[in-house]
Amino acid sequence: MKNRLILSVGIFLLTIISTELFSQSLTLVGDAKLSLTGEGTIFSAPSIKLRDNSQIIQAEAIKLPFGRFIELLSPDALLKTRMMQKGDIATIKVGIGTKTGISIINRSTATAYSIGMESGSEPESLPYFWKVTPLNEDGIADLQFSWTKEAEPEDFELKSLVRKEGLDWLFEDSQEIQDTSVQLKNHALYRASASAFTISTVRMDTDNDGVPDIQEIREGSDTIDPTDYLDTDGDLVPDYIEGIQNTNPLDPISYLNSNGDGVPDYVRDRSPVMFINISDIEIPWGFTGIDAMLPDSLVAVLGSGIITNLGVTWDKSTLDIFKRGNYQIIGDYTTYPGLFDAYELPLNISVTVLPKPAPQDVNLSVAEFEGKLDNAEILIGEFVVIDPVDNIHEVTFIGDGYDNKYFEIRGNKLYWISEDKAAGKTVFTIIVRVTDRDGNTFDKFLEITRLRESVKDITVYNVFSPNGDNINDTWGVPEMRFYEGVRIQVFDRGGVRMFITTDPDQKWDGTENGNPVPVGTYFWTIEVQETGEIRKGMLNVLKQ
């Protein structure tokens, strides 16, 4: 007869046992419950097994021989703790096939906890998982699970605590894992459903730095910062990667460099080696929409072959859209955490500004002017350039030829500036050059007409008073200065010539050989060789 006690369905053991050894192995079946109540209660037996829906209440009071554990042979069998106050600890040795341990430190209001186990079939995992449920209130607890090496699958280096949510097993990033134990602090547990936990290989690498999250937890680095990993020798290669690549994590010149370029493979794989969306650009002269044609992001190929997008800003300071030619626009791309720039690839786009068509024509807004008697400069008109592409030009003379010498161009305006009367000349020809901002030129001859009164319409005064009062002291006809071959003469009644000049700007002061002439009537004549005209009249000399 086997040395065991089988409690059938519906039988409850309510017992208080101190240190006596229950001599038979105990197996609970059906709905059997073993309730250990009372302070300081301890139950000892060679072995305890639970089947079906059986339960042990206050299971932490179970005492088994060294190396033995409560075996849960049904997914519905449960172990329950006593009512635990905040800060209370319950530790239970339990398992399926092999020994495990679970400790609970209650961090919330008073509640008991139930513990179950089920066999698991997840690959690269322990062959079972634990189930923990608060019985009275939703709770917060520190949980610690332990297991044996023999239960681990092969290559279990990246073992991690995972929690089941729906059909998925989720990595617990706040875990503190050792060789065969793991601790989870301040974990929320809910009455509505059991929280299931197991230990599984987790290769998750949240920050994509090549170091699995669980390895970073062990090393104390940040699982979401790709620049934070253990790199003892400072060669930019994580110690974990050097272990995989069989290089020395303590030697800064020991790293895998497959192509011999001096850059560690780890760094090369995370560095841009080429850009694939860069192409040259042609723009019309004066085109202001260049920004829309420059990419605002780059498609970069990393050394690993991964394609990624990088933000980029362009330095257009060397680009002159108003001057034809080829320009190199330099780009500055922005990396992101975890991306290296080992090769410092040059980034530039060739922008060609196409030639601008030359100006089509140039004219003067006003092409005629009236001469002045005082030789003052005269604004004639403004140059009007016909150019459908641009409105900024420079107009200059081509040399001093033709009649350019009489004029000056300032601010694209034409001025008469000469003191030369240019007698007899009414039409002036100039040659100008229009230069646009692209260096194109357009040359043209222009004619400017100087207006003058006709000889017959020029007013000739018939009286003056050379008495030294500076009022009407001289007589002349300066309006004749714009005619060529002018001779002006004054005679007395007897026909004696008192005054003669061929310079209309020269006036008679009322003297003859330096002596004042008498008051009286004199006669004048004006001869214009240019027109063949002769005018005559009388001139009264007064002394008042």
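None of these values were measured; they are calculated from a predicted model.

Q: Please explain the nonpolar core as it appears in this structure.
A: One broad rule of soluble globular proteins: the nonpolar side chains tend to lie buried together. Counting 62 residues, the largest nonpolar core has I48, I70 and L79 as the members making the most contacts within it. Not counting residues within four places of it along the chain, the set of residues in contact with I70 comprises I48, L50, A59, I62, L64, L79, I92, K93, V94 and G95. Formed by 23 residues, the second largest nonpolar core is a distinct cluster that contains W285, L302, L310 and I321.

Q: Would you mind going over a nonpolar patch on the surface with me for this structure?
A: A surface patch of nonpolar side chains, about 340 Å² in accessible area, is lined by V273, M274, I276 and I307. Relative accessible area serves as the criterion here: at 34%, V273 is assigned to the partly exposed category.

Q: Looking at this structure, how should I read the layout of surface pockets?
A: The gaps of empty space that remain are located by a probe, the size of a water molecule, rolled over the atoms. Approximately 230 Å³ is the volume attributed to the largest pocket. Lining the largest pocket are 13 residues, and of these N208, R270, L302, I306 and Y336 sit closest to its centre. For the lining of the largest pocket, a count of residues per class yields six nonpolar, four polar and three charged. Taken as a whole, the second largest pocket holds about 190 Å³ of empty space.

Q: Whenever I open this one, the packing of aromatic side chains confuses me. Can you help?
A: One pair of aromatic rings is described through two measures. These are the centre distance and the angle between the planes. Overall, the coordinates contain 20 aromatic pairs when judged by the stated rule. Ring centres of F275 and Y333 lie 5.1 Å apart, and the angle between their planes is 65°; on these two criteria the pair is classed as edge-to-face. Residue F275 is located in strand β21 (residues 272–275), and its partner Y333 is located in strand β25 (residues 325–333); the two are separated by 58 residues in the primary sequence. Here the two residues F275 and Y333 agree in accessibility, since each one is buried. Arranged with centres 5.5 Å apart and planes meeting at 35°, the rings of F369 and W416 form a pair that is tilted. Separated by 47 residues along the polypeptide, F369 in strand β28 (residues 368–370) and W416 in strand β32 (residues 413–416) bring together distant segments of the chain. Residue classification places W416 among the buried residues on the basis of a relative accessible area of 4%. In this structure an aromatic cluster arises from ring pairing among F369, Y406, F407, W416 and F428.

Q: Mind showing me how you'd approach the pattern of salt bridges here?
A: Note on pairing: side chains with opposite charge can pair once their charged atoms come close. Tallied over the entire structure, the rule returns 30 salt bridges. Residue R218 is joined to E157 by a salt bridge in which the shortest nitrogen-to-oxygen separation is 3.7 Å. Linking R218 in helix α1 (residues 213–219) with E157 in the loop between β15 (139–146) and β16 (159–165), this pair joins segments that are 61 residues apart in sequence. Here K421 ties to D505 by a salt bridge, and the two come within 3.7 Å at their closest N and O atoms. Of this pair, K421 sits in the loop between β32 and β33 (427–436) while D505 sits in the loop between β37 (497–501) and β38 (511–512), placing them 84 residues apart in sequence. Overall, the relative accessible area of 31% leaves D505 in the partly exposed class. When salt bridges that share partners are traced, they join K149, E152, K159 and D179 into one network.

Q: Got a minute to help me understand the confidence of the model for the chain in this structure?
A: Per-residue confidence for the chain gives a mean pLDDT of 92; residues scoring 70 or more make up 95%. Residue range residues 1–21 is modelled with pLDDT below 50. Its contacts to residues more than four positions away, or to other chains, number 47 contacts.

Q: Would you explain the sheet that holds β25 in this entry?
A: Strand pairing in a sheet is mediated by backbone hydrogen bonds. Such pairs are either parallel or antiparallel. Read from one edge to the other, the open sheet built from six strands follows the order β21-β23-β24-β25-β26-β22, with strand pairing classed as mixed. Bordering the open sheet on either side are β21 and β22 (281–283), each of which pairs with just one other strand. Between one strand and the next, the sheet's axes are offset by a mean angle of 40°, whatever the strand orientation. Note: β22 against strand β26 (residues 348–353), three bridges, orientation parallel. Bridging across to β26, E282 finds its partner in T352.

Cut-off values and rules
- Per chain, residue numbering runs from 1 following the sequence as it is written.
- For this predicted model, a pLDDT threshold of at least 70 governs which residues receive local features, and a threshold of 80 or more governs which side-chain atom pairs are given and counted, while totals over whole chains, interfaces and linings are taken from all residues.
- Side-chain numbers here rest on the full set of heavy atoms in the structure, without hydrogens or water.
- Take the buried Ala, Val, Leu, Ile, Met, Phe, Trp, Tyr and Cys residues and link them wherever side-chain atoms come within 4.5 Å; each set so joined is a nonpolar core.
- In this scheme, a residue with accessible area under 20% of its type's maximum is buried, one over 50% is exposed, and one in between is partly exposed, where area comes from a 1.4 Å probe on protein chains only.
- Every residue pair with non-hydrogen atoms within 4.5 Å of one another is taken to be in contact.
- What makes a patch is a set of residues exposed beyond 30% relative accessible area and free of salt bridges, joined within 9 Å when like-charged and within 5 Å when nonpolar (Val, Leu, Ile, Met, Phe, Trp, Tyr).
- Reported accessibility uses the Shrake-Rupley method at a 1.4 Å probe radius. Residues are deemed covered only where the shown protein chains occlude them.
- The salt bridge criterion pairs a side-chain nitrogen of Lys or Arg with a carboxyl oxygen of Asp or Glu, the two atoms within 4 Å.
- Only protein atoms enter the 1 Å grid, on which a cavity is a set of points fitting a 1.4 Å probe that cannot get out and a pocket is an open set with protein on both sides within 12 Å along at least 5 of 7 lines, lining residues being those with an atom within 4 Å of a point.
- Grid points are joined across faces, edges and corners, and a volume is the space filled by probe spheres set on the points.
- Three categories are distinguished: nonpolar for Ala, Val, Leu, Ile, Met, Phe, Trp, Tyr, Cys and Pro, charged for Asp, Glu, Lys and Arg, and polar for the others, with Gly belonging to the last.
- Each pair of aromatic rings taken from Phe, Tyr and Trp, with Trp reduced to its six-membered ring, is defined by centres within 6.5 Å and is described as stacked if the planes are under 30 degrees apart, edge-to-face if over 60, and tilted in the remaining cases.
- To qualify as a helix, a DSSP run of H or I must reach at least 4 residues; to qualify as a strand, a run of E must reach at least 2; elements of each kind are numbered from the N terminus.
- Confidence scores labelled pLDDT are given residue by residue by the predictor and lie between 0 and 100.
- Whether two strands pair depends on DSSP finding at least two bridges between them.
- Each axis is a line fitted through C-alpha atoms, and for a helix only the stretch in contact is used; angles between axes span 0 to 180 degrees, taken between their N-to-C directions.

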